[in-house]
Amino acid sequence: MAAIGALFMLVLNAAFFIMLIHIIMSWLINFNVLNLRQQFVAQIWYGLNRLLEPVYRPVRNILPNTGPLDLAPLVVFILIIWLRDFVVPMVFF
């Protein structure tokens, strides 16, 4: 059981850091620190969007429409932290 718990922790930690990079990049792009006309930045940004959009879409369908403010990344980020710090250690360790 500990091996399965360690695997879940690895996946949740990877998802945590990928989402953290995505959130920080979105801030830097919105404040014009990063420019999407640079090919390297655009490739990373569009790759992260393609990776995380299937995770965000079901959450966006549940949440009410808040206009330009997208709360789906925040909800998924909090869910990952809750799973990583509370649920997995209680169930597997």
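For every chain, the first residue of its written sequence is number 1, and the numbers climb from 1 along that sequence. The predicted origin of the model limits local features to residues at a pLDDT of at least 70 and limits the giving and counting of side-chain atom pairs to 80 or more, whereas totals for whole chains, interfaces and linings rest on all residues. For side-chain calculations, the full set of non-hydrogen atoms in the structure is used, while hydrogens and water are omitted.

Looking at an unreviewed UniProt entry, the chain carries the name YggT family protein, with the source organism given as Cognatishimia maritima.

The helix and strand labels rest on DSSP assignments: H or I over at least four residues marks a helix, E over at least two residues marks a strand, and numbering proceeds from the N terminus. Tallying secondary structure elements over the chain gives three helices and zero strands in all. Ordered by position from the N terminus, the helices and strands of the chain form the series α-α-α. Throughout, radius of gyration means the C-alpha value; the globule benchmark is 2.2 Å times the number of residues raised to the power 0.38. For 93 residues, the compact-globule estimate of 2.2 N^0.38 gives 12 Å, and the C-alpha radius of gyration of the chain, at 15 Å, exceeds that figure by more than 25%. Here the C-alpha coordinates of the chain stretch approximately 45 × 30 × 20 Å along the principal axes. Buried means the residue's accessible area, taken with a 1.4 Å probe over protein chains only, is under 20% of the maximum for its type, while exposed means over 50%, and partly exposed covers the values in between. Considering the chain as a whole, with its 93 residues, one finds that 27% of them fall into the buried category. Per-residue and other accessible areas were derived by the Shrake-Rupley procedure at a 1.4 Å probe size, with only the shown protein chains allowed to occlude residues. Carbon and sulfur atoms form 73% of the exposed surface of the chain, whose accessible area is close to 6800 Å².

Another point: the nonpolar core. The biggest cluster of nonpolar side chains holds 14 residues, and the ones touching the most others in it are Met19, Tyr56, Val76, Phe77, Ile80 and Val88. At the level of elements, helix 1 (2-30), helix 2 (39-62) and helix 3 (72-92) are the ones that each hand at least two residues to this core. With six residues, helix 3 is the single largest residue contributor to this core. Here, nonpolar core means buried Ala, Val, Leu, Ile, Met, Phe, Trp, Tyr and Cys residues that are tied together by side-chain atoms lying within 4.5 Å of each other. Listed in part, the five residues of the second largest apolar core include Met25, Ile29, Val41 and Leu48.

Moving on: the environment of Leu51. Tracing the backbone shows Leu51 in helix 2. A residue is classified by how much of its surface remains accessible, and Leu51, at 47% relative accessible area, is partly exposed. For the pair Leu51 and Leu69, spaced 18 residues apart in sequence, the C-alpha to C-alpha distance is 20 Å.

Pairing of aromatic rings covers Phe, Tyr and Trp, the last through its six-membered ring, and needs centres within 6.5 Å; plane angles under 30 degrees mean stacked, over 60 mean edge-to-face, and all others mean tilted. What the rule picks out here adds up to three aromatic pairs. For the ring pair Phe8 and Phe92, a centre distance of 5.3 Å and an interplane angle of 45 degrees mean the geometry is tilted. In this pair, Phe8 sits in helix 1 while Phe92 sits in helix 3, placing the two residues 84 residues apart along the sequence. Given the relative accessible area of 41%, Phe8 is considered partly exposed. Seen in terms of ring centroids, Phe16 and Phe17 are 5.2 Å apart; in terms of plane orientation they differ by 80 degrees. Their pairing is edge-to-face. The class of Phe16 is buried, set by a relative accessible area of 13%. On the accessibility criterion, Phe17 (47% relative accessible area) is partly exposed. Three or more aromatic residues joined by ring pairs form one cluster here, namely Phe16, Phe17 and Phe77. The criterion is that NZ of a Lys, or CZ of an Arg, lies within 6 Å of the ring centre and within 35 degrees of the ring normal, and then a charge sits over that ring. Cation over ring: Arg84 sits above Phe16, and NZ or CZ is 4.3 Å from the ring centre.

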